[in-house]
Each structure stands twice: as C-alpha cells, then as structure tokens.
Amino acid sequence: MASFEKLTDKSWRVAGTVAAVVVTTAAGGVAWATTSADPSPSPSPSASPSAPADPAQPGKTGGRHGEFGLGRGALHGEFVVEKEGGGYQTVSTQRGEVTAVSKDKLTVKSADGYSREYTLTEDTLVNAARDGIDDVKTGNQVMVTAVVANNVATATTVNDGTVRDAARDKWGFKRGPR
C-alpha cells in the first residue's frame, strides 16, 4: 500500500508540474503579447474580419506550429522554463524565412522584420530531409526553438516547412490537420 501511495503522490506532482508549466507559459505569452518588446513600437492597424487561414500553409494564422504554443499566428517570443534538475532557462521560438545558413549558424527573419541568428550544434535536431541542415536553404520557411544563455541563442530544433511540404507533395500525402 505504501508504494501505491508513493506512485499516486508522484503522479499528482507530475500532473501539477505540467499544469503549472502550461499556465505559466500561457500567462507569459499573454504578458509578452500585451507589452512591447520594441521601445519604439509602430502603430498597428485596426482589427478587421479575416478569412480562416489554411493550416497547411506555414506562416498563416491557425497553422499547426504547436511547439511551446507558437501557433495561432505568433511569429517569435521568449519565455522562461524550469530546467530538469533545478534552475531555469530562457527558451526562444521563432517562425520565419531563412536569410542565411551554414553548418553552424542559421539566421531567420519573421514577417514583422524581427531577425535573429541561431547557433547550430551537433545536438540541434534539424527536421528537413535526409541531409539535415544541408537541405535548409535561404528563403525556406522554418520554425526554430532555442535555448538562450548570455545573449546567444542555441537552436535545439529547426523544422523546415518548405522542405517538409515539398516532400509531402512528392510522396502524394494530403495537406491539412493530422
């Protein structure tokens, strides 16, 4: 019976931690969205009705770009998460066009003009095609997740939507929600 209680306690702690991360991430996103990261913001256009976006097209609102909640039209952002084993780390996410790429660096520019350089390591997971980062080209649409330390963003994942969509078309897979 004691081992069952330990297992139950651990399950509740894990569930509580997951819930706390989700709430914190959502709250951080709202806080970030309501504050200006740019000290000289440009005027934003007034809201107007728009047609629903095609979820199969990268860069469109409503698409499936779910890492850390970067869907629903978000282009880029940063937030702090707990590190496994204790402490905290800053995570950066960005969706946009590749403006420069090499074996160890990737520069991405979002639709709003925000640009950032990411360091690539042997541990960076590149979801492109067989040749990984060699398949990522200037002009491709990507989604990047990175860990930021000392103002250096080290990419943990690079997902190339341009290469993914070309492969999907080549093999005849349907687009849309999975």
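So, the overall build of the protein chain
And step 1. Across its full length, the protein chain carries two helices and seven strands.
And step 2. Each helix and strand of the protein chain, ordered N terminal to C terminal, gives the series α-β-β-β-β-β-β-β-α.
And step 3. A total of 178 residues make up the protein chain; the buried ones form 26% of that total.
And step 4. Counted over contacts in the protein chain with a minimum sequence separation of 6, partners at least 24 positions apart contribute 45%.
And step 5. Summed over all atoms, the accessible surface of the protein chain reaches about 12,100 Å², with 57% contributed by carbon and sulfur.

Some thoughts on the nonpolar core
And step 1. Leu 106, Tyr 118, Val 136, Val 142, Val 144 and Val 158 are the most contacted members of the largest nonpolar core, which totals 16 residues.
And step 2. Every element with two or more residues in this core is listed here: β3 (105-109), β6 (141-149) and β7 (152-160).
And step 3. Counting residues per element, this core draws most heavily on β6, at four residues.
And step 4. Once residues lying within four places of it in the same chain are set aside, the contact partners of Val 158 are Leu 106, Leu 120, Thr 124, Leu 125, Val 126, Asn 127, Val 142, Met 143 and Val 144.

Quick notes on the pairing of strand β2 (residues 88-101)
And step 1. Of the strand pairs in this sheet, strand β1 (residues 76-82) and β2 are connected by seven bridges, and their pairing is antiparallel. Across the sheet, the residue bridging to Glu 82 is Tyr 88, located in β2.
And step 2. As consecutive antiparallel partners, β1 and β2 are separated by five residues, and within that stretch Gly 85 has a phi angle of approximately 90°, a positive value.
And step 3. Here β2 runs beside β6; their pairing, made up of eight bridges, is antiparallel. Bridged to Arg 95 within β6 is Met 143.
And step 4. Count of turn residues in the β2/β3 antiparallel hairpin: three residues.

Let's talk about the pattern of salt bridges
And step 1. The full count for this structure, using the stated rule, is four salt bridges.
And step 2. A salt bridge links Lys 103 to Asp 134, with the nearest nitrogen and oxygen atoms 2.7 Å apart. Of this pair, Lys 103 sits in the loop between β2 and β3 while Asp 134 is found in the loop between β5 (125-127) and β6, placing the two residues 31 residues apart along the sequence.
And step 3. Exposure remark for Asp 134: the relative accessible area of 38% places this residue in the partly exposed category.
And step 4. The partner of Arg 164 in a salt bridge is Asp 165, and the shortest N-O contact between them spans 3.3 Å.
And step 5. With a relative accessible area of 7%, Asp 165 lands in the buried category.

Re unusual backbone geometry
And step 1. The phi dihedral of Asn 150 falls on the positive side, at around 55°, and the residue is not glycine.
And step 2. Within the secondary structure, Asn 150 sits in the loop between β6 and β7.
And step 3. For Asn 151, which is not glycine, the phi torsion reads 65° and is therefore positive.
And step 4. As for its position among the elements, Asn 151 is in the loop between β6 and β7.

Some remarks on the environment of Ala 100
And step 1. Take Ala 100: it is sitting in strand β2.
And step 2. Taking the relative accessible area as the measure of exposure, Ala 100 reaches 32% and is therefore partly exposed.
And step 3. Residues Ala 100 and Val 136 lie 36 residues apart in sequence; the distance between their C-alpha atoms is 9.7 Å.
And step 4. Those residues in contact with Ala 100 that lie beyond four places of it in its chain are Lys 105, Leu 106, Thr 107 and Thr 138.

Thresholds, definitions, all that
Residues numbered from 1 in each chain as written. Predicted model: local features only at pLDDT ≥ 70, side-chain atom pairs only at ≥ 80, totals over all residues. Heavy atoms only, no water. Helix = DSSP H or I, 4+ residues; strand = E, 2+ residues; numbered from the N terminus. Buried < 20%, exposed > 50% of the residue type's maximum accessible area, 1.4 Å probe, protein only. Contact = heavy atoms within 4.5 Å. Areas by Shrake-Rupley, 256 points an atom, 1.4 Å probe, with all protein chains shown as cover. Core = buried A, V, L, I, M, F, W, Y, C linked by side-chain atoms within 4.5 Å. Pairing = 2+ DSSP bridges. Salt bridge = Lys/Arg side-chain N within 4 Å of Asp/Glu carboxyl O.

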